[in-house]
Amino acid sequence: MFLTSLSDAMLTYLELILYKTYADLKAETERTYLGFLWWIFEPILFMGVFYFVFGVLQKQPVPNFVPFLLVGLITWEWFKACVSHGSSVIYGQYPLMQHVHLPKILFPIILILTDSFKFTFVFSLLLIYLWSTIYPINVAYWALPVVLLVELLFTMAITFWVAAIVPFVPDLRFVIENLLTAVFMISGVFFSAEQMTEGVQFYFYLNPLANLIEDYRKILLHGQFPDWSALMLITVVSLIGIFTAMQVIRRFEYVYPKITP
Amino acid sequence: MNKKVFSLHEVGISYRKKRGIFGEPFWALKKVSFDLYQGETLGVIGRNGAGKSTLMRIMSGIVKPDCGRFINYGYKVSLLSLQLGFISYLTGRENAILGGMLMGLRRKEIEGRIPAIKEFSELGDFFEKPINTYSSGMNARLGFSVAFQVDPDVLLVDEVLGVGDEEFRLKSTKVMQERIRSNNKTVVFISHDAKTIEKLCDRVVWIEHGESRMEGTPKQVVNEYHCYLHTS
C-alpha cells in the first residue's frame, strides 16, 4: 500500500517534470521570431566572438584551433547554463511555492533537463561539423556517452548546491556569475595543458571541467580514450555532491516557501 | 461524528522580519487550535492580517508550524489557486494541463477533464490560442475552470469564490457555492466577510492576532466577531 502510493507520487512528479520541461522549452521558442533556431544561433554568435579574438586577431595557439575551441566552448556552455540558471531556480519559484506544495528538487531537475535538451542541439551540430572536416567517427566514440554522463552528474551536483543555498543568501548570485567566469578562464577552453609548466599542470587538473573538456578533445579530435581514473573520481565526487545537496533541499523543504525574495 | 481530516493543536509559525542573522522572528500565528471533519464546511473569519492566509499554507502542507502540532490524517488538501503556474506563451489547453499537473493530477486525469474545462470556460477557439492573446476576463475564466476541475479531497478557499466579468462571476460563484454546500465535500472557507461565512458554513473559527479566539456555529461566532469589531 505504502509502496504503491509512493510510486504513484513518483510517477506524478515524473510526468510533471517532463511536461514542465516541454512547456518551458515551447514558451522559449514562442517568445522570439526565430524560435528554436536561437538555440543554434546564440551559441554560434557567442563562438564567433571567441573565434574572432583567438582565431583571427591572435596567432593561433594550437594547430587546428577552431575545432579545438568549439569542443571546449560547447561543452563548457552546457555546464555554465545550468549552474547560472540554477542560482535563481528555487529562489525564483516563490509565487508558485505559495500556492502548492511541490518537492523543491523538481525545479533544478526541470532546469537541467531544459538546458540539456538545448545542448543536444548544439552538440549534434558540433559533431556534424567535425565529421564534415577532418575528424571522422573513431573507436574512442564508445567513451563519449560516459564523458557526457559524468559531465551531467557534475553539473547536477553544482546546480543542486547552488539552487539549495542561494535562497538563503541571494547575494551569492553575483559571486556565482563571476566565479563561473573565473572557472571558464582556467578550464582550458582556449588553451591546452601542454602550454603550461609541469607545476601548474597539477593544479589545472584539479578542476573537473578541465579534465572533462580535455577528454572530449581526446575522443573527438584525437581518437584517444579518456582518462578513466579521473572520470571515476569526478563521478564519485559528483554523486556525493548530488546526494548531500538533495538532503539539504529536503531539510529546508518547508523553509523555502517562507523566504521572501 | 464524522472522521477527522486534520487537527491543529496550539499551532504557531514565525517568519523572519528581515534577511540575515539579525532578522528577529515575527509570529504570524501564535496559538491556533481546531479540527476539521469530513464533509463539513468550516469558515475561518478574522480581520486582515490576522494570519488567515498563513493558516491556509499550513493546512495545505506548504509550510510547517514552528510550534504546536498539525496532523493530517491522510487527505489531499489543496488551495484553490487560479492560474497556477500559467505560462503566457502557451495555449489555454497547455496551461490547463500544466496547471492540473502542478495541482497534483496525473496527466491522463487532467486530460480527461479538458473537455469540461473548455466548456465551462466558454473560451471556444481561443482555448487553442496562447493565453497572452486573452483578455484578463478570459484568463480568469480559464484559471477558475482549471482550479474547479481539479477537485481535491479538501478544498481551501481564500476569500474569492467567483471571478471574471459580471456574467461569469455569477456562474462561477454559483457552482462554487453548490460545491461548498454539498454534503460530501470538505471545505475550509476563509473570509473577513461575515455574510458569506454565515451563508455557507456549518461551523466557524475566529482568528484574531494569530490566535483562535472562538469556535462554534456561524451565528454565535459572527455575532461575537461583530461585537468585537464595534468595541475595538
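Each value, and the rule that gives it
Residues numbered from 1 in each chain as written. Chains lettered and ligands numbered in written order. Predicted model: local features only at pLDDT ≥ 70, side-chain atom pairs only at ≥ 80, totals over all residues. Heavy atoms only, no water. Phe/Tyr/Trp six-rings, centres within 6.5 Å; stacked < 30°, edge-to-face > 60°. Helix = DSSP H or I, 4+ residues; strand = E, 2+ residues; numbered from the N terminus. Buried < 20%, exposed > 50% of the residue type's maximum accessible area, 1.4 Å probe, protein only. Contact = heavy atoms within 4.5 Å. Buried area = accessible area lost by both parts, 1.4 Å probe. Salt bridge = Lys/Arg side-chain N within 4 Å of Asp/Glu carboxyl O. Polar contact = N/O pair within 3.5 Å; in protein donor to acceptor, adjacent residues only side chain to side chain. Pairing = 2+ DSSP bridges. pLDDT = per-residue confidence, 0-100. Core = buried A, V, L, I, M, F, W, Y, C linked by side-chain atoms within 4.5 Å. Expected span 1.5 Å × (residues − 1).

## What about the packing of aromatic side chains?
All names here are of chain A. As enumerated under the stated definition, the model contains 31 aromatic pairs over all chains in all. Ring centres 5.4 Å apart and planes at 80 degrees place the aromatic pair Trp-39 and Phe-121 in the edge-to-face group. Of this pair, Trp-39 sits in helix α2 (residues 38-57) while Phe-121 sits in helix α5 (residues 106-132); the two residues are 82 residues apart in sequence, bridging distant segments of the chain. You can call Phe-121 partly exposed: its relative accessible area is 25%. Taken together, the aromatic side chains of Trp-76, Phe-79, Phe-154, Phe-184, Phe-190, Phe-191, Phe-204 and Tyr-205 make up a single cluster linked through ring pairs.

## Focus: the interface of chain A and chain B
Contacts between the two partners involve 31 residues from chain A and, on the opposite side, 29 residues from chain B. In terms of surface lost to chain B, no three residues of chain A exceed A:Tyr19, A:Tyr254 and A:Lys258, which account for 28% of the buried area on that side. Along the contact surface separating chain A from chain B lie three salt bridges. Of the charged contacts in the structure, one is a salt bridge between A:Glu15 and B:Arg106, with a shortest N-O distance of 3.2 Å. At the junction of chain A and chain B, the tally comes to seven residue pairs in polar contact (both at pLDDT 80 or more).

## Comments concerning the pairing of strand β7 (residues 186-191) of chain B
All names here are of chain B. The buried count for β7 comes to six of six residues, which makes it a mostly enclosed element. The pairing of strand β3 (residues 41-45) with β7 spans five bridges and is parallel. Bridge pairing links Val-44 to Ile-190 in β7. Bridge count between strand β6 (residues 154-158) and β7: five bridges; the pairing is parallel. What sits directly across from Val-157, in β7, is Phe-189.

## Examining the confidence of the model for chain B
All names here are of chain B. On average, residues of chain B carry a pLDDT of 89, and 97% of them reach 70 or more. Across chain B, element-level confidence peaks in helix α2 (residues 92-102) with a mean pLDDT of 95 and bottoms out in helix α6 (residues 194-200) with 86. Reported for the predicted complex are a pTM of 0.91 and an ipTM of 0.89.

## Focus: the pattern of salt bridges
Residue and element names in this part refer to chain A. The final tally for this structure, using the stated rule, is 17 salt bridges over all chains. Put simply, Lys-20 and Asp-24 hold a salt bridge, and the shortest N to O gap is 2.9 Å. Residue Lys-20 and its partner Asp-24 are both found in helix α1 (residues 2-30); the two are separated by four residues, about one turn of the helix. Linked through salt bridges whose partners overlap, the residues forming this network are Glu-28, Asp-115 and Lys-118.

## Quick look at the nonpolar core
Judged by nonpolar contacts, the single largest core of 96 residues is most densely connected at A:Leu220 and B:Leu142. Sorting elements by how many residues they give to this core places helix α3 (residues 65-86) of chain A first, with twelve residues. With residues near it in sequence (within four places) discarded, B:Leu142 still touches B:Phe86, B:Gly92, B:Ile117, B:Ser121, B:Leu123, B:Phe127, B:Ile131 and B:Tyr134. Among the nonpolar cores identified, the runner-up in size contains 29 residues, and B:Ala28, B:Ala50, B:Leu79 and B:Ile190 belong to it.

## A look at helix α9 (residues 208-222) of chain A
Residues and elements named next belong to chain A. Over its 15 residues, α9 extends 20 Å from the first C-alpha to the last, a length consistent with the 21 Å expected when each residue adds 1.5 Å. Regarding α9, the residues found buried are Leu-209, Ala-210, Asn-211, Leu-212, Ile-213, Asp-215, Tyr-216, Arg-217, Ile-219, Leu-220 and Leu-221. Its side-chain oxygen 2.9 Å from the backbone nitrogen of Leu-209, Asn-207 forms the N-cap of α9. Where α9 terminates, the next one or two residues include Gly-223, which has phi positive at roughly 65 degrees.

## Overview of the pairing of strand β8 (residues 203-208) of chain B
All names here are of chain B. Counting buried positions along β8 gives six out of six residues, so the element sits mostly inside the fold. Judged from the four bridges that link them, β3 and β8 form a sheet pairing that is parallel. Paired with Gly-43 across the strands is Val-204, a residue of β8. Of the strand pairs in this sheet, β8 and strand β9 (residues 211-216) are connected by five bridges, and their pairing is antiparallel. Bridging from a neighbouring strand, Ile-207 pairs with Ser-212 of β9.

## Quick look at unusual backbone geometry
Residue and element names in this part refer to chain B. Despite not being glycine, Gln-83 shows a phi value in the positive range, around 55 degrees. The exposure class of Gln-83 is partly exposed, given its relative accessible area of 33%. Here Glu-122, not a glycine, exhibits a phi torsion of approximately 55 degrees, which is positive. Mapping Glu-122 onto the fold places it in the loop between α3 (107-121) and α4 (136-150). Taking relative accessible area as the criterion, Glu-122 reaches 40% and is therefore assigned partly exposed.

## Let's talk about the side chain of B:Thr173
Residue and element names in this part refer to chain B. One can find Thr-173 in helix α5 (residues 166-181). Among the polar contacts listed, one links the side chain of Thr-173 to the backbone oxygen of Arg-169, at a separation of 2.5 Å. Look past the residues within four positions of Thr-173 in its chain and what remains in contact with it is Leu-161 and Gly-162.

## A short note on the environment of B:Arg69
Mapped onto the secondary structure, B:Arg69 falls in strand β4 (residues 67-72). Not counting residues within four places of it along the chain, the set of residues in contact with B:Arg69 comprises B:Ser7, B:Leu8, B:His9 and B:Val11.

## Looking at the side chain of A:Ser87
Residues and elements named next belong to chain A. As for its placement among the helices and strands, Ser-87 is situated in the loop between α3 and α4 (94-97). For Ser-87, a relative accessible area of 5% corresponds to the buried category. Those residues in contact with Ser-87 that sit more than four places away from it in its chain are Val-162, Val-166, Arg-173 and Ile-176.

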